[in-house]
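Coordinate analysis (summary)
These are the residues of each chain, in order.
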Amino acid sequence: MSSQKTLMVKTMAIGLVLTIVGLVCLGRLVCVQLVNGKEVALQAAENRTIKVTLKARRGKIMDTNGSILAQSVERYNIIGNPQLAQDFKPVTCTKQTAGECHQINGKPVGATGAAAVARLLAPILGMDATELGAMLAGSGQYVILKKDVTPSIKRKISKLNLGGIVYGELSNERVYSNGTLMGALLGGLDSDGKGAAGIEQMENKTLTGKDGYQVYQQGSGGVEIPGTMTESKDAVNGSDVTLTIDHDVQWYVEKVLKDSESKYHSAWGIAMVQDVQSGDVLALADSDEIEAGSDDAKLGVSRAVSETFEPGSIGKVFAMSGIVQSGLHKLEDKFTVPGTIVVDGQKYKDAVDHGNEQWTLAGILEQSSNVGMVMAGEKMSNEQRYEFISKFGIGQDTGLDLPGESSGVLHSSGSWDRRTRNTVLFGQGYTVNIMQLSNAVSVIANKGVKKPLRIIKSITDSEGHVHEQKAKGEAVRVIDESVASQMLNAMESAAEHYNTFVKVDGYRMAAKSGTAEVAGENGSLTSIISDYSTIIPADNPRFVITVVLKDPQGSYGGLTAGPVTAEIGEFLMQKYEVPASSPRTGAIPVTW
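What you see is a predicted model, and the numbers here were worked out from it, not measured in a lab.

With that settled, consider the environment of Lys-472. Its location among the elements puts Lys-472 in the loop between strand E19 (466–468) and strand E20 (476–477). By relative accessible area, which is 47% here, Lys-472 ends up partly exposed. Spatially, the C-alpha atoms of Lys-472 and Leu-400 are 7.3 Å apart, while their sequence positions differ by 72 residues. Not counting the four nearest positions on each side in its chain, Lys-472 is found in contact with Asp-397, Gly-399, Asp-401, Pro-452 and Leu-453. One polar contact links Lys-472 to Asp-401, side chain to side chain, over a distance of 3.5 Å.

Here it is, written out as structure tokens:
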């Protein structure tokens, strides 16, 4: 009886305990379902809710004919969820689990958690499994494992059956389709996708789009649960930028510059082709071979943009235009020009020794006489000299706004010493960039009017609307049309002076050569800048071509840079099917 009583007591005690446990569970269930049910459901939904960025595409950069120079292509950033990765357990491959299991080269993964995910991913991403494992072993639910993988890589990852543990976010990669063509001029992007140099930097705001987003709940497989999207905003792609640059012209100019490096053993070369009538830049090239988008392109500046130099005797065109415009001399005026001259205790000489020569003012330009320029400018005040040189755009902003561009140096006339006041008459004592120099010469080609330069032709927004871009600034008359016509005549004689070396069959050219000593590596005047600027055709100006070479063998601009402009000119005449020139008549005498 005693044992039966004891059993009964134990049974009742156990029953009581079970009843209490049941009541507690029931109470907890009631609390969860009825009292805190809404809060728990909200928390669960919150844990599943993610905000996914919809990346905007960066706009294209194109040449004047629509050829693509830079564009963004579809890429993916591979994202890992460390929290889910650390709970991951590979599924063994059997007949029942085929298509949903995990293995590496037909063998078990051999690990769990982040290490297992890393082993599966590493071969596809081309990364070290240990490195990946460390990234997935951190805290949180979001870590970028690798940027800008191709769609094919993203598809391979999707077949790993990793659900929401690893997935791809749409991104873009900048691709430059022409290698070194315009490499430094186009520039590149920084690690955040912003323009770091060149056109990419200058037009960054225009090219950059606005990212969108989607907010929705994500299922265990990493996909959107239908009907759970609560908020979204479409991405707006960046606008496309069309340049005035002609891809074909740019390619040819770069090729000719590289050839000239070999032919004349120059340290470097830069060149520009300008449309006279519009002010459009058709080519802006240098001989440096820099891949667009590379570190060199991102960290540097195109030499054609940044390099400044004394124009040398090309500057005689601007000073002489001022002399004629001011009525101080006519191009037919006669001068007896010695080989040297001393003014205010300063000695000036011509490049070639000679006795007294009987040249007209036009002949002084044709012979490129420094002494003749000093004589012709005798009655020209310092203020007048400065005025006309600056009117041609020397020392002034070109309006192109290219990153790294220098305006050169043209000091005020009040700061000139006894020598500088005369050297500016023949292109020394101030510096220019190639854009300024070309546009200054185009004043003569454009009947005395300086037109603003343009390198951005149009902007096409994300909806396809094309907005033509105007050049910065207004057209300004610098000299009278009659003066420009006379100067064009004199420049044609200067071009004929070199027609043994510089000519384009069937076409007349007006040109001026320049040679200037510049500081070398040791600071002394041991280097040479040789330049040449050509207006072609002279009888109906269409283009200005300017070429600048550093330390070429042959030194003089007419013998080195000149033939390079002729090669470019011949290409332009053929490409644009320019009618041949009429015979020259009415040349201003150069001697008397």
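Counting residues in hydrophobic clusters, the biggest one holds 88 residues, and the most contacted among them are Leu-284, Phe-318 and Leu-402. Ranked by residues supplied to this core, first place goes to helix H18 (residues 434–445) with eight residues. Here Leu-402 is in contact with Leu-185, Ile-199, Met-202, Leu-284, Val-305, Met-435 and Ile-455, once residues within four sequence places are set aside. Formed by 32 residues, the second largest nonpolar core is a distinct cluster that contains Val-249, Tyr-498, Val-502 and Tyr-507.

This part takes up the sheet that holds strand E12 (residues 281–286). Spatial strand order, E12-E11-E23-E22-E21: five strands in an open sheet with antiparallel pairing. A strand with exactly one partner marks an edge of an open sheet, and here the two such strands are E12 and strand E21 (510–518). Going across the sheet, the axis of each strand differs from the next one's by a mean of 10°, ignoring polarity. As defined by bridge partners, strand E22 (residues 527–536) adjoins strand E23 (residues 543–550) across eight bridges and the pair is classed as antiparallel. In the strand pairing of E23, Ile-535 is matched with Val-544. In the packing of helix H20 (residues 561–575) onto the sheet, the strands contacted are strand E11 (268–275), E22 and E23, and the crossing angle to E23 comes to about 145°.

Attention now goes to helix H5 (residues 129–136). Turning to H5, its buried residues are Leu-132, Gly-133 and Leu-136. Here the buried residues of H5 occupy an arc of 100° about the axis, which is enough to place them on one side. Of the exposed residues in H5, those oriented more than 90 degrees away from the buried face are Thr-130 and Ala-134. For H5, the elements touching its buried residues are strand E3 (68–80), helix H3 (82–85), helix H4 (113–125) and strand E4 (143–149). Where H5 begins, the side chain of Asp-128 points an oxygen toward the backbone nitrogen of Thr-130, at a separation of 3.1 Å.

Turning our attention to the sheet that holds strand E9 (residues 231–233). Strands sit in the order E1-E8-E9 across an open sheet of three strands; the sheet is antiparallel. Among the strands making up the open sheet, the edge pair consists of strand E1 (49–54) and E9. Each strand axis lies, on average, 20° off the axis of its neighbour in the sheet, ignoring direction.

What follows concerns the packing of H18 against helix H19 (residues 481–496). When two helices pack together, their arrangement is given by the angle between their axes and by how far apart the axes lie. Running from N to C, H18 and H19 point in directions that differ by 110°, and their axes come no closer than 8 Å. In terms of orientation, H18 and H19 fall into the roughly perpendicular class. On the side of H18, the interface is formed by Val-441, Val-443 and Ile-444, while H19 contributes Ala-484, Met-487, Leu-488 and Met-491. Residues of the contact of H18 with H19, tallied by class, amount to seven nonpolar, no polar and no charged.

All right, on to the pattern of salt bridges then. Within the structure shown, the criterion is met by 19 salt bridges. By sharing partners, the salt bridges in this structure join Glu-492, Glu-496, Arg-508 and Arg-584 into a single network.

In this section: a nonpolar patch on the surface. A cluster of nonpolar side chains, namely Val-352, Phe-501, Tyr-556 and Leu-559, defines an oily patch on the protein surface of about 370 Å² accessible area. Note that Val-352 resides in the loop between strand E15 (346–349) and strand E16 (357–360).

This brings us to the side chain of Glu-200. Within the fold, Glu-200 resides in helix H8 (residues 198–202). Among the polar contacts listed, one links the side chain of Glu-200 to the side chain of Tyr-176, at a separation of 2.6 Å. Each residue touching Glu-200, except ones within four places of it in the same chain, is listed here: Arg-58, Ile-61, Ala-70, Arg-174, Tyr-176, Leu-186, Gly-187, Gly-188, Leu-189, Gly-195 and Leu-207.

Parameters and conventions
Residues numbered from 1 in each chain as written. Predicted model: local features only at pLDDT ≥ 70, side-chain atom pairs only at ≥ 80, totals over all residues. Heavy atoms only, no water. Helix = DSSP H or I, 4+ residues; strand = E, 2+ residues; numbered from the N terminus. Buried < 20%, exposed > 50% of the residue type's maximum accessible area, 1.4 Å probe, protein only. Contact = heavy atoms within 4.5 Å. Polar contact = N/O pair within 3.5 Å; in protein donor to acceptor, adjacent residues only side chain to side chain. Core = buried A, V, L, I, M, F, W, Y, C linked by side-chain atoms within 4.5 Å. Pairing = 2+ DSSP bridges. Axes fitted to C-alpha atoms, helices over the stretch in contact; angles between N-to-C directions. Arc of directions from axis to C-beta. Parallel < 35°, antiparallel > 145°, perpendicular 65-115°, else oblique. Nonpolar A, V, L, I, M, F, W, Y, C, P; charged D, E, K, R; others polar. Salt bridge = Lys/Arg side-chain N within 4 Å of Asp/Glu carboxyl O. Patch = residues over 30% accessible without salt bridge, like charges linked within 9 Å, V, L, I, M, F, W, Y side chains within 5 Å. Areas by Shrake-Rupley, 256 points an atom, 1.4 Å probe, with all protein chains shown as cover.

Honestly, it's all geometry; don't read function into it.
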